[in-house]
Amino acid sequence: MRECPCGSGKQLDGCCGPYIDGNPAPTAEATMRSRYSAHVLGDADYLATTLSNEQRADYDKEAMEQSFAATKWLGLDIRKTDMGNEGDETGTVEFVARYRTGGQSTAHHELSFFTREDKRWVFSGCEMNPKTPTVRVEKVGRNAPCPCGSGKKYKKCCGG
C-alpha cells in the first residue's frame, strides 16, 4: 500500500486514488488534493478532467507530461478553504505546494477557484501568491526530521 501524496496521512486507495480513478470528489478541497496527487503521480489525463471547460481549452497535455520528469513534489499545505462543500456550487482552496526542479526548491502559493460542472468539482482559475498574513519560517537542520512528513532526516530527503 502507498501513502497518498496529498499529505492526508491516509493510504492512496482510501484518499485521492478513487477520485483519480474516476469517482467524483465530494468537495473542492478533495479535488485540490487529488489534483496535487495527480501531479505527483504523473496523471495528465486526470488533471485535464478536473479543469473547467474554459480552463481545458488552454491545457497542453504534452507540456504537462514533459514537466513530470523534471519535477519532484515535496509536499502540500492546505492553508484555507472557503465553501466548496457538498451543497455548494463554488469554493476556494488556498495552498502551498513545494517542489524541486532544476536543482531549485520552490514554493507555489495559490488561491484556487473551483466550480461545479456536470455535478463534478473542477478547477476554474486562480490567484497566484495571494496576500495572507506573514508566517514565520524556521530553518530545518540537516539532521532534523524532514518537514515533508516522510520520516527521513532532512538531509536524506528534501534537503539532499
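This structure is a prediction, so every number in the text was calculated from the model and none was measured.

Draft legend 1. View of the overall build of the chain. Across its full length, the chain carries five helices and four strands. The dimensions of the chain, computed from C-alpha atoms along their principal axes, are 50 × 35 × 30 Å. Expressed as a percentage of the 160 residues in the chain, the buried residues total 38%. Put simply, 42% of the contacts in the chain that link residues at least 6 apart link residues at least 24 apart. When the accessible area of the chain is evaluated, it comes to approximately 9600 Å², of which 47% is carbon and sulfur surface.

Draft legend 2. Main features of the pattern of salt bridges. Inspection of the entire model under this criterion finds three salt bridges. One salt bridge in this structure joins Lys-61 and Asp-45, with 2.7 Å as the shortest N-O distance. Note that Lys-61 is positioned in helix H5 (residues 61–70) and Asp-45 in helix H3 (residues 44–49), a separation of 16 residues in sequence. We classify Lys-61 as partly exposed; its relative accessible area is 34%.

Draft legend 3. Representation of the packing of aromatic side chains in the model. Per the stated rule, a full pass over the model turns up three aromatic pairs. Here the aromatic rings of Trp-73 and Tyr-99 are separated by 5.0 Å at their centres, their planes lie at 45°, and the arrangement is tilted. With a gap of 26 residues between them, Trp-73 in strand S1 (residues 71–83) and Tyr-99 in strand S2 (residues 90–101) connect regions that are remote in the sequence. Ring plane angle 75° and centroid distance 6.0 Å describe the contact between Phe-114 and Phe-123, whose orientation is recorded as edge-to-face. Taken as a pair, Phe-114 and Phe-123 share a single burial class, namely buried. Every member of this aromatic cluster is reached through a ring pair, and the members are Tyr-36, Trp-73 and Tyr-99.

Draft legend 4. Focus on the sheet that holds strand S3 (residues 104–117). In space, the four strands of this open sheet follow the order S1-S2-S3-S4, with antiparallel pairing throughout. For this open sheet the edge positions go to S1 and strand S4 (120–128), each flanked by a neighbour on one side alone. Ignoring which end each strand starts from, the neighbouring axes of this sheet average 30° apart. Summarising the sheet, S2 and S3 pair through twelve bridges and their orientation is antiparallel. Along S3, the bridge assignment pairs Ala-97 with His-108. Running at roughly 175° to S1, helix H2 (residues 28–41) makes contact with S1, S2, S3 and S4 of the sheet. Contacts from H5 reach S1 and S2, with the element oriented near 115° to S1.

Draft legend 5. Geometry of the environment of Lys-155. Note on placement: Lys-155 falls in the segment after S4. Classification of Lys-155 by relative accessible area gives partly exposed; the value is 30%. C-alpha of Lys-155 to C-alpha of Ala-48: the two residues are 107 residues apart in sequence and 35 Å apart in space.

Draft legend 6. The arrangement of the pairing of S2 in detail. The buried fraction of S2 is high, at nine of twelve residues. In this structure, S1 lies alongside S2, joined through eleven bridges in antiparallel fashion. Counted as the bridge partner of Thr-71 is Thr-101 from S2. Hairpin connection between S1 and S2: a loop of six residues separates the two successive antiparallel strands, and Gly-84 in this loop has a positive phi of roughly 75°. Linkage of S2 to S3, two consecutive antiparallel strands, is achieved through a turn of two residues, within which Gly-102 is found at a positive phi near 55°.

Procedures and definitions
- Residues numbered from 1 in each chain as written.
- Predicted model: local features only at pLDDT ≥ 70, side-chain atom pairs only at ≥ 80, totals over all residues.
- Heavy atoms only, no water.
- Helix = DSSP H or I, 4+ residues; strand = E, 2+ residues; numbered from the N terminus.
- Buried < 20%, exposed > 50% of the residue type's maximum accessible area, 1.4 Å probe, protein only.
- Contact = heavy atoms within 4.5 Å.
- Areas by Shrake-Rupley, 256 points an atom, 1.4 Å probe, with all protein chains shown as cover.
- Salt bridge = Lys/Arg side-chain N within 4 Å of Asp/Glu carboxyl O.
- Phe/Tyr/Trp six-rings, centres within 6.5 Å; stacked < 30°, edge-to-face > 60°.
- Pairing = 2+ DSSP bridges.
- Axes fitted to C-alpha atoms, helices over the stretch in contact; angles between N-to-C directions.

None of the figures reported here should be taken as evidence of function without further support.
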